[in-house]
Amino acid sequence: MTVEGSSIDSTRPSIARVYDYLLGGKDNYAVDRKVGDVFLRDLPGSVAIAFANRAALTRAIAQIVTTTDVRQFIDLGSGLPTADNVHQVAQRHAPESRIVYVDNDPQVLVHGCALLEQNDRTRVVRADIRDPEGVRTHPETLELIDFDRPVAVVLSAVLHHVNDEEDPAGIVRHWRDHVPSGSHFFVSHFRSGDNPETAEAERVLQQTFGRGRWRTDEEITSLLDGLEILDPGIVPAPLWRPDTTAGPWNAGGAERELTVWERLIVAGLARKT
Ligand SMILES: C[S@@+](CC[C@H](N)C(=O)[O-])C[C@H]1O[C@@H](n2cnc3c(N)ncnc32)[C@H](O)[C@@H]1O
């Protein structure tokens with residue numbers, strides 16, 4: 001299949017499709033499942049990372065839309081459509097919410113468009129988040145987003161796929177400098193651990209995709225320089241404003257002891273003052 005001149009490659013694993021497999025989705029190939037099975041079979045419990053991340057993301061979107069007047073979202077590295085996508089969470093609370101999904105995986109465009117074709121307040125843009133200017137000035141972004149009004153910039157589980165030399169802090173800075181005050185930034189990020197199990201997961205991901213960098217809490221916090229980090233700070237995803245109500249990704253909030261895997265991804269929400 002060809003999308004905008006570039007083809008879906010079913011012979012090499014893709015970040016979006018492996019993640020889809022870990023979340024129980026069907027939009028993946030044998031080559032993706034082979035990588036996913038390393039996590040499911042050889043690193044039991046590790047799939048909790050994907051669920052914890054997704055649950056924190058949906059809580060953050062609900063919080064933004066219910067506690068602020070932000071009604072426009074740019075979801076950078078949005079992934080394949082799954083349960084409770086950003087527009088579904090936001091529009092459940094505020095139907096007027098507008099969402100631009102951005103991903104560089106051709107399959108995301110195909111599946112995203114299929115899901116969203118009924119919804120005139122969403123767009124799917126195939127672009128590289130390492131070119132924030134190109135994403136921001138893309139005609140489909142400008143069609144939906146009014147940059148004179150506050151925006152929520154979502155960077156969920158994507159900045160750890162950006163290498164240091166590609167300047168992840170510069171990506172956040174670009175958005176920070178081009179959105180008005182009152183805008184919010186949600187970030188979740190793999191945190192470098194120091195135990196052999198998680199080091200193996202880091203090795204598998206970096207080797208499979210030939211890129212990526214897990215960062216320390218200090219490095220992740222510094223990606224949000226110049227923004228006000230809101231309570232409770234940058235914390236393991238299940239501890240970010242836990243919600244005990246049932247949801248597709250919720251594993252029961254913070255009442256129980258977290259596994260080493262659930263501590264491996266941190267989340268935080270920041271605001272431009
Ligand atoms: C682990 S998934 C996270 C999906 C979703 N944001 C979430 O948190 O559930 C990472 C996504 O980022 C996308 N991605 C990675 N690098 C990217 C880049 N440079 N530009 C655009 N998308 C990128 C991948 O294709 C994948 O869909």
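Computed from a predicted model, the values in this text were never measured in an experiment. (Residues numbered from 1 in each chain as written. Predicted model: local features only at pLDDT ≥ 70, side-chain atom pairs only at ≥ 80, totals over all residues. Heavy atoms only, no water.)

Draft legend 1. Structural view of the overall build of the protein chain. Counting its regular elements, the protein chain contains 10 helices and 10 strands. Against the 2.2 N^0.38 benchmark of 19 Å for 273 residues, the protein chain shows a C-alpha radius of gyration of 17 Å, consistent with a compact globule. Expressed as lengths along the three principal axes of its C-alpha atoms, the size of the protein chain is roughly 50 × 45 × 40 Å. Burial statistics for the protein chain: of 273 residues in total, 54% are counted as buried. When contacts within the protein chain are restricted to residue pairs at least 6 apart in sequence, those whose partners lie at least 24 apart make up 72%. (Helix = DSSP H or I, 4+ residues; strand = E, 2+ residues; numbered from the N terminus. Rg over C-alpha atoms; globule rule 2.2 N^0.38 Å. Buried < 20%, exposed > 50% of the residue type's maximum accessible area, 1.4 Å probe, protein only. Contact = heavy atoms within 4.5 Å.)

Draft legend 2. Spatial organisation of the environment of histidine 178. Considering the arrangement of structural elements, one finds histidine 178 in helix 8 (residues 168-178). Given the relative accessible area of 33%, histidine 178 is considered partly exposed. A distance of 2.7 Å separates a polar atom in the side chain of histidine 178 from the backbone oxygen of histidine 174. (Polar contact = N/O pair within 3.5 Å; in protein donor to acceptor, adjacent residues only side chain to side chain.)

Draft legend 3. Representation of the packing of aromatic side chains in the model. Evaluated as defined, the whole model comprises 3 aromatic pairs. Here the aromatic rings of phenylalanine 190 and tryptophan 214 are separated by 4.2 Å at their centres, their planes lie at 20 degrees, and the arrangement is stacked. In this pair, phenylalanine 190 is assigned in strand 7 (residues 184-190) and tryptophan 214 in the loop between helix 9 (196-209) and helix 10 (217-222), connecting sequence segments 24 residues apart. (Phe/Tyr/Trp six-rings, centres within 6.5 Å; stacked < 30°, edge-to-face > 60°.)

Draft legend 4. Highlighting the pattern of salt bridges. Applying the stated rule across the entire model yields 20 salt bridges. A salt bridge links aspartate 37 to arginine 41; the shortest N-O distance between them is 3.6 Å. In this pair, aspartate 37 and arginine 41 both sit in helix 2 (residues 30-42), 4 residues apart, roughly one turn of the helix. Judged by relative accessible area, aspartate 37 falls into the buried class, the value being 16%. Take arginine 41: its relative accessible area is 63%, and that puts it in the exposed class. Here aspartate 128 ties to arginine 130 by a salt bridge, and the two come within 2.5 Å at their closest N and O atoms. The class of arginine 130 is partly exposed, set by a relative accessible area of 34%. Beyond isolated ion pairs, a larger network of salt bridges with shared partners links Asp128, Arg130, Glu166 and Arg211. (Salt bridge = Lys/Arg side-chain N within 4 Å of Asp/Glu carboxyl O.)

Draft legend 5. Highlighting the nonpolar core. Judged by nonpolar contacts, the single largest core of 46 residues is most densely connected at Phe39, Ile61, Phe73, Val86, Phe186 and Phe190. The greatest single-element share of this core, amounting to 10 residues, is contributed by helix 3 (residues 48-67). (Core = buried A, V, L, I, M, F, W, Y, C linked by side-chain atoms within 4.5 Å.)

Draft legend 6. Here's a closer look at empty space enclosed by the protein. Tallied over the full model, the rule gives 3 cavities of 30 Å³ or more. Along the walls of the largest cavity sit 14 residues, with Ser78, Gly79, Pro81, Asn85 and Tyr101 positioned nearest its centre. Tallying contributions element by element places helix 5 (residues 106-116) first for the lining of the largest cavity, with 4 residues. Within the lining of the largest cavity, the residues separate by chemical class into 8 nonpolar, 4 polar and 2 charged. (1 Å grid on protein atoms, 1.4 Å probe; cavity = no way out; pocket = protein on both sides within 12 Å on 5 of 7 lines; lining within 4 Å. Points joined across faces, edges and corners; volume = space filled by probe spheres on them. Nonpolar A, V, L, I, M, F, W, Y, C, P; charged D, E, K, R; others polar.)

Draft legend 7. Layout of the site of the ligand. Surveying the vicinity of the ligand reveals 19 residues, the closest of which are Tyr19, Arg54, Gly77, Asp103 and Ser156. Arginine 130 has a polar side-chain atom sitting 3.4 Å from a nitrogen atom of the ligand. In the complex, 96% of the free accessible area of the ligand, which totals 600 Å², lies under the protein chains. More than half of the atoms belonging to the ligand lie within 2 Å of the grid points that define the largest pocket. Contributing elements (two or more residues each) for the shell around the ligand: helix 1 (15-22) and helix 3. Looking at the shell around the ligand, the element that brings in the most residues is helix 1, giving 3 residues. Of the residues belonging to the shell around the ligand, the class tally is 7 nonpolar, 7 polar and 5 charged. (Near = heavy atom within 4 Å. Areas by Shrake-Rupley, 256 points an atom, 1.4 Å probe, with all protein chains shown as cover. Sits in = over half its atoms within 2 Å of the grid points.)

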